[in-house]
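Coordinate inspection notes
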Amino acid sequence: MSSKTIRVAAAQYAPALGDTQANLAASLDWIDRAAAARAELLVLPECCLSGYVFADTEAAAQHATSIDGPAIAAWRARAARHGLTLVAGLIEAADDGLYDSAVVIAPDGEVSTYRKLHLWNSERSLYRPGNRAVVVDTPAGRIGLMICYDLWFPELSRALALAGVQLIACPANWAGNPRMKAPLDPYGQAMGFHVARTTACMNEIPVIVADRVGQEADLTFLGNSCIIAGTGDVAAGPAPVGTTDLLVADIPLGPSRSTGQSHMASRRSDIYAIQILEDLS
């Protein structure tokens, strides 16, 4: 695909725990807002139809979504109305169990599903891990998918970059890192924001993170949603902690290698190698 500039958006807000109907209505409103801002791509947070903190699999299952169910149908209709590509996180109800998933919905109604590969903390007792990386060709570009904790694994982002993605979309529910002294640095920024910048810079492709805010049980979600250009420059954000926001930016689709030294072109593939899944080639 040839490089072009597109307008992208990331919505930061607080889904309500266990209120699927209210969360669906909120997500449709964010789609309308992004369309009013003339965005061609919108990213919504992880688990945005359900909320996040569930005590057990049975509780999570009560708020899971079937890919062929009415919520996805509503998203398809709204994306088609606006000619917009949507990336959104949800708990997926599948025949073999529950997954922490993200869907990509193209304006023509085509739905692609990615299942989170790297489960964080209590997610491991609720969901099955995904088993493949996913790349989706859309009118908004060739999109690579990651969800929250996936961003901490450079092997995945590099595999996506080598597969030719033009941007990475990452729904998230950042809630701090227990290994750190504080969830935010002295500048009020979450570690996830720095990881997103690093990922974009080292792979020379844009990264769009839609994080959430609010409180569930003992978790305070951090916000700091961001749109990072393939140069590593911040195109929008980081959105403040605790603030509802719609980030919008015009970004060139990757790769960003027109000036200076290219990290990707400088790789020593004769020394190291990354195995790329055949389904991404």
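As a starting point, this report considers the structure included with it. Since we're looking at a predicted model, the values are computed, not measured. (Residues numbered from 1 in each chain as written. Predicted model: local features only at pLDDT ≥ 70, side-chain atom pairs only at ≥ 80, totals over all residues. Heavy atoms only, no water.)

Turning our attention to the packing of helix α5 (residues 154-162) against helix α6 (residues 191-203). As a packed pair, α5 and α6 sit with axes 10 Å apart at the nearest point and diverge in direction by 40°. Here α6 runs oblique to α5, going by the angle between their axes. Relative to α6, α5 is oriented so that their crossing is right-handed. Residues P154, S157, R158 and A161 of α5 lie in contact with α6, whose contacting residues are T199, M202 and N203. (Axes fitted to C-alpha atoms, helices over the stretch in contact; angles between N-to-C directions. Helix = DSSP H or I, 4+ residues; strand = E, 2+ residues; numbered from the N terminus. Parallel < 35°, antiparallel > 145°, perpendicular 65-115°, else oblique. Left-handed = near helix turned anticlockwise from the far one by under 90°. Contact = heavy atoms within 4.5 Å.)

Scanning the model with the defined rule gives ten salt bridges in all. Between R78 and D32 there is a salt bridge, with the nearest N and O atoms lying 2.9 Å from each other. Of the two residues, R78 sits in helix α3 (residues 70-82) while D32 sits in helix α1 (residues 20-36), which places them 46 residues apart along the sequence. A residue is classified by how much of its surface remains accessible, and R78, at 16% relative accessible area, is buried. Residues E123 and K116 are paired through a salt bridge, measuring 2.9 Å at the closest nitrogen-oxygen approach. For the pair E123 and K116, a shared accessibility class is recorded, and that class is buried. Within the structure, one salt-bridge network assembled from shared partners comprises E46, D100, K116 and E123. (Salt bridge = Lys/Arg side-chain N within 4 Å of Asp/Glu carboxyl O. Buried < 20%, exposed > 50% of the residue type's maximum accessible area, 1.4 Å probe, protein only.)

All right, on to the packing of α1 against α3 then. Two numbers describe how α1 lies on α3: the axes approach to 10 Å, and their chain directions differ by 15°. What the angle tells us is that α1 and α3 run roughly parallel. In this structure, α1 crosses over α3, and the sense of that crossing is right-handed. Each of L24, S27, L28, I31, D32 and A35 in α1 lies in contact with α3, whose residues at this interface are A71, A74, W75, R78 and H82.

Leaving glycine aside, a negative phi is the common case for residues, and trans is the common case for peptide bonds. In this structure, P238 follows G237 across a cis peptide bond, with omega equal to 0°. Assignment of secondary structure puts P238 in the loop between β13 (234-236) and β14 (245-252). Notably, R38 is not glycine yet its phi reads approximately 65°, a positive angle. Here R38 shows up in the loop between α1 and β2 (41-43). One non-glycine residue, E204, lies in positive phi territory at about 60°.

Position of R267 among the secondary structure elements: in the segment after β14. R267 gets classed as buried once you look at its relative accessible area, which sits at 18%. Excluding residues that lie within four positions of it along the chain, R267 makes contacts with R158, L162 and Y272.

Once that is clear, we can look at the pairing of strand β1 (residues 5-12). Among the eight residues of β1, seven are classified as buried, and the element is accordingly described as predominantly covered. Here β1 pairs with β14 via eight bridges, running antiparallel. Within β14, the position partnered with T5 by the bridge is P252. Two strands pair when backbone bridges link them, and β1 and β2 are joined in this way by three bridges, in the parallel orientation. When the bridges of β2 are listed, A10 appears paired with V43. As a crossover connection, the stretch from β1 through α1 into β2 is right-handed. (Pairing = 2+ DSSP bridges. Right-handed = clockwise from strand over helix to strand, strands pointing away.)

With that settled, the discussion passes to the environment of G254. Considering the arrangement of structural elements, one finds G254 in the segment after β14. Sequence separation between G254 and S112 is 142 residues; the distance between their C-alpha atoms is 21 Å.

Right, let's talk about the environment of G214 for a bit. Note on placement: G214 falls in strand β10 (residues 213-216). Remark: the alpha-carbon pair of G214 and A175, spanning 39 residues in sequence, is separated by 9.9 Å. Excluding its chain neighbours within four sequence positions, the residues that come into contact with G214 are A14, L219, T220 and F221.

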